[in-house]
Amino acid sequence: MSFDQKDARVEKEIFAKRAYLAALFVFVLVCVLAGRMVFLQITQYELYASKSENNRVQLKTVEPIRGLIFDRNGVLLAENLPSHSLTLVPERVKDMSRTLKLINTLVGLSAEEQENFEKKLKSYRRPYEAIPLKYRLEEEEIAKLMVNNYFLPGVQVEAELVRHYPMGEDFAHVLGYVGQMNETEKKRLDPIQYKATRRIGKIGIERYYEKELHGQVGYQKVETNAQGRILKVLEKQSSIPGKNLILNLDARLQRTAMEEFAGRRGSLVAMDPETGGVLAMVSSPSFDPNLFVNGISYKDYNALRDSLDTPLFDRATRGQYPPGSTMKPFIGLAFLEYGVTNWQEEIKDPGWYMLENDERVYRDWKRTGHGEHIDLRHAIIESCDTYFYEMSFRTGIDNLHPFLSQFGFGKNTGLDIGNALPALLPDREWKKAYRGRSWYAGDTLNLGLGQGYMLATPLQLATATNVYAAKGKWHRAKLVQLIDGVPLEEEDRPDDVVIKNPENWDKMNHAMEGVIQHYLGTAKALKHGLTYRLAAKTGTAQVVGIKQNEEYDSEALLERQRDHALFVSFAPVEAPKIAVATVVENGESAGKTAGPISRKVIDRYLNDDEPKGIAYEF
Amino acid sequence: MAGDFIRQLDDGSMQRGRSILQKLHIDLTMLSLLLILCAGGLFILYSASGQNMGMVYRQMVYFGLGFFIMFVIAQIDPRWFQMAAPWMYVVGITALLLVLLIGVGAKGAQRWLSVFGMFRFQPSEIMKLVTPMMVAWYLSSRLLPPRVKVIAVVLGLVFLPALLIFKQPDLGTALLIAAAGLLVLLFAGLSSRWIALAIVTILAVAPVMWYGVMHDYQKQRVLTFLNPESDPLGSGWNIIQSKTAIGSGGLEGKGWMQGTQSQLEFLPERHTDFIIAVYAEEQGLIGVLILLALYMCIVMRGIYMASRGRDTFARLFAGALIVTFFIYVFVNIGMVSGILPVVGVPLPLISYGGTSIVTLMAAFGVIMSVYMHRRI
């Protein structure tokens, strides 16, 4: 077309044509939309209907209530207290930094709480899973958050039961604590049973009995809105609470031991020879397990971790010490068993001992010697080293090792004590394998004094003393007495220690009583006011190879180079009810440190006049 | 087929109430259709807002204002629009520049202009009317169908405001305004060769836009659109939830105020951009088809009214406005049902919000004016 002038008629025609096209275009696009709707609402109806139903109905899991833990007298050791925590669902928070700022002005957030939150925000989690921001809200804080609820989308105040340990540091190591589950633990645990669970047992009984204490998860089929608010409960299956544990442990003994240690480094384990029940198990210094339940702060944790006294370290099950002269009653029995000596034979003790073809002088702890007439009884009472050098040499490693092994040295014999170390009872094979040298006679002499390569944990010493006190009758150490009223079954009990002449038990007991009663006894200071027959043996272990560190002040360094003091004991001798092993690190004199601590605990246990458990609130 | 339909609609209205409505410059058919749509919209909004009567009252006020503006504009002879067009265009462009310089905004975009601190308005809304008005004014004095030079000028007139709005940044509105302006060109008889060329150009320019011009959040929208499942809790959430709402409505729907998706607040922006999902969930396919039919009636009637305009300017202006209206409908329903990217366009006259209602009713005022001032 080549008009040079505007033509209204032509323009109207063009428009009319285009209007028809536009109408057609509109019609086609409406059909496209209608087609799309038919596709979604008819063809894919089933898919979206079920999607919508899933959206609406959620399976909400219900965390089971963790089992309670009591001591042997019914004193509550681990309970669940209601606590309110502040959680955020990041997907529902519109403006994170503003929300955090507002929360901060309302209830205050420590730098650490914010840091922890940021960390959890970045790590993997289920979509729409709430992230805790602040624990243990006060009533006033809850009120402030509720009032400002409208400005805080995605912010929730959640009530939950939180583990609490009323006895605090007394039971920290043995009871352990629960803490936030980490990723590896999450993978290890049953994903269904632990779906609603936030905390699991990390150490101690809480960890070992996790399965029993946890209980079974419950669920609720609930109708929720997109904010996760529950509108209606459609179906419900209650959770089953975890089992309650009654321990063999006695809260009074724990307290007494803690008081007696008074912050000194060391450990005490007390057992019942009749059952193997652990009456007390203390590692000092201790810590407050409640700190760990909601995640310990860096500051607190660093203080515990960096303390020279290593309060987090469980000395009772993992502290390995040379048992020293506390081994003498056991080794003495070995001498008799293999007939290398008898109760009558006497030796001369000049204060030292030498082997043939060996220039080394093996010294007695008493430089001047113990005199001309040392028999086995006096060797025990005075802890004569020379006697034990001689007799150990006569007995030999091939006899000493199997005999001591019967008492559980070098092994893990605890029934329900996780994480305990087997320590070390050396023999020829061990030395060849780990030291690359053959066994020398001198090694036997050292072993005869519980020194050299030998190491034992306080738990092992207590177990051995316990077996000894029961005259060879074996019971594995057990912390738990009853699980929901059902007694713990003792499986795989080691063979009882049987000696050729059972009279030797009583004779050795007599010698061990002499340690307290004889005027030369190494723990004679303990005899005053004794109301029962106490048998005991002292021991000292040299501290070797402490690392020199410039941060240590010299006084502390000196203190830490002193010998460890050890003490094994049981009472009453005629019918033993309690056997105790005590280690006081750098305690030097067992008769003055480890001995009195043990005595106080035994006193407390045997002098049963005061009502049990009344000192503590239920 | 469409033509017959339009004529039938026309016959009805022309018989009734000729004298009074003639004087008021109101087309009864269009008025009735709009009233039905708006009334229905209030019911949908009541459910979608979670039975928020306050919101419904406010929406009624917006409708009242909108219809008032429509009545006022319908009284103005299209000649006045023609005379005012270049001036309004200059004022509009100035306002857009001011927005970029001193505008206020939210969520990283500047869209509002504060007038003496008394009230705020969005110049981009006005440009929805002024851009096609300007193009129609320009083309009405040129030889049609337009030649190359004319087309070039028109492109300039269209892309200047579009670019300024894109800078705010508001991609959705920029595209819709560009569409409104270009629609005028189509109605003016742009040859099919040019249309083909434009399509090729768009395909060529798209990669440049993607790598050079688009903001990250805009890219994210496109990516999410292409695969909403890739980010089901972030930007994909809206589309997944709205599709679920629509699909679960089935043929008959879950019933008014019974939509679990919307009533349980799974659906985001359910009373604004995503309101059609609430409607589709509660009224099902039947309800959706009725609504689509209603929209189609309004658009067909509008096209007919535009084609009866007195002169080229009036026809082009009204034609572009009514088709733009339809594009809003299509883009909104398309995005909510998952065939178009989420661009933030409300569903005309159903979604909650005063700005969009006022602009749309003003457009219908223009269409009324064009249709009713034809015989003088």
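Everything numeric in this text was worked out from a predicted model, so none of it was measured.

Draft legend 1. Here's a closer look at the overall build of chain B. A tally of regular secondary structure across chain B gives 15 helices and three strands. Evaluated residue by residue, chain B yields a buried proportion of 48% over its 376 residues. A separation of at least 24 residues holds for 69% of the contacts in chain B among residues at least 6 apart in sequence.

Draft legend 2. Representation of the interface of chain B and chain A within the structure. Contact with chain B, which involves 44 residues of that partner, is made by 38 residues of chain A. Looking at the side of chain B that touches chain A, the elements that each hand over two or more residues are α1 (2-15), α8 (171-187), α11 (236-249), α12 (260-263), α13 (275-307) and α14 (312-336) of chain B. In terms of residue count, the dominant contributor to the side of chain B that touches chain A is α13(B) (twelve residues). Broken down by class, the residue content of the side of chain B that touches chain A amounts to 26 nonpolar, 15 polar and three charged.

Draft legend 3. Fine view of the nonpolar core. By size, the foremost hydrophobic cluster in this structure holds 123 residues, and its most contacted members are F317(B) and I367(B). Top element by residues in this core is α14(B). It accounts for 19 residues. Setting aside anything within four residues of it in sequence, one finds I367(B) in contact with G302(B), M305(B), A306(B), A318(B), L321(B) and I322(B). Within the second largest apolar cluster, 118 residues are counted, among which are M454(A), Y468(A), A565(A) and I578(A).

Draft legend 4. Spotlight on the sheet that holds strand β21 (residues 578-584) of chain A. Residue and element names in this part refer to chain A. Reading across the sheet, the five strands line up as β12-β11-β21-β20-β19 and stay open at both edges, with antiparallel pairing between neighbours. Two strands bound the open sheet, and with one partner strand each, they are β12 (278-284) and β19 (535-541). Ignoring which end each strand starts from, the neighbouring axes of this sheet average 5° apart. Here seven bridges tie strand β20 (residues 564-571) to β21, and the two strands are oriented antiparallel to one another. For F570, the partnering residue across the bridge sits in β21 and is A579. Against the sheet, helix α20 (residues 458-469) contacts β11 (266-271), β20 and β21, and its axis sits at roughly 150° relative to β21. Here helix α23 (residues 594-606) sits on the sheet in contact with β11, β12, β19, β20 and β21, set at roughly 150° to β21.

Draft legend 5. Up close: the pairing of strand β17 (residues 480-483) of chain A. Residues and elements named next belong to chain A. Note that strand β10 (residues 245-247) and β17 share three bridges and pair antiparallel. Bridge pairing in β17 places L245 opposite I483. Relative to strand β18 (residues 486-487), β17 is paired through two bridges, and the arrangement is antiparallel. Opposite I483, over in β18, you have V486 as the bridge partner. In this structure, the hairpin formed by β17 and β18 is closed by a connection of two residues, where D484 is found at a positive phi of approximately 50°.

Draft legend 6. Looking closely at the packing of helix α4 (residues 53-74) of chain B against helix α15 (residues 354-372) of chain B. Residues and elements named next belong to chain B. Where α4 contacts α15, the two axes come as close as 7 Å, and the packing angle between them is 25°. Taken together, the axes of α4 and α15 lie roughly parallel to each other. The element α4 and its partner α15 pack so that their crossing is right-handed. Contact residues: Y62, F63, L65, G66, F67, I69, M70, V72, I73 and A74 in α4; G354, I357, V358, M361, A362, F364, G365, V366, M368, S369 and M372 in α15. In terms of residue class, the contact of α4 with α15 is built from 17 nonpolar, four polar and no charged.

Draft legend 7. Focus on helix α19 (residues 441-448) of chain A. Within the sequence span of α19(A), burial applies to D443(A), T444(A), L445(A), L447(A) and G448(A). One or two steps after α19(A), the chain reaches G450(A), where phi turns positive at roughly 65°.

Draft legend 8. Here's a closer look at the packing of helix α14 (residues 328-337) of chain A against helix α17 (residues 397-405) of chain A. Residue and element names in this part refer to chain A. As a packed pair, α14 and α17 sit with axes 10 Å apart at the nearest point and diverge in direction by 125°. On the basis of their axis angle, the class for α14 and α17 is oblique. Considering only the axes of α14 and α17, their crossing is right-handed. Contacts between α14 and α17 involve F330, I331, A334 and E337 from the first element and N399, L400, F403 and L404 from the second. Tallied by class, residues from the contact of α14 with α17 come to six nonpolar, one polar and one charged.

Draft legend 9. Looking closely at the environment of E118(A). Residue and element names in this part refer to chain A. Among the secondary structure elements, E118 is positioned in helix α4 (residues 111-122). Take E118: there are 13 C-beta atoms within 10 Å of it, and that puts it in the partly exposed class. Put simply, E118 and L133 are 15 residues apart on the chain and 9.3 Å apart in space, counted from C-alpha to C-alpha.

The rules we used
- Residues numbered from 1 in each chain as written.
- Chains lettered and ligands numbered in written order.
- Predicted model: local features only at pLDDT ≥ 70, side-chain atom pairs only at ≥ 80, totals over all residues.
- Helix = DSSP H or I, 4+ residues; strand = E, 2+ residues; numbered from the N terminus.
- Buried ≥ 20, exposed ≤ 12 C-beta atoms within 10 Å, placed from the backbone.
- Contact = placed C-beta atoms within 7 Å.
- Nonpolar A, V, L, I, M, F, W, Y, C, P; charged D, E, K, R; others polar.
- Core = buried A, V, L, I, M, F, W, Y, C linked by C-beta atoms within 7 Å.
- Pairing = 2+ DSSP bridges.
- Axes fitted to C-alpha atoms, helices over the stretch in contact; angles between N-to-C directions.
- Parallel < 35°, antiparallel > 145°, perpendicular 65-115°, else oblique.
- Left-handed = near helix turned anticlockwise from the far one by under 90°.

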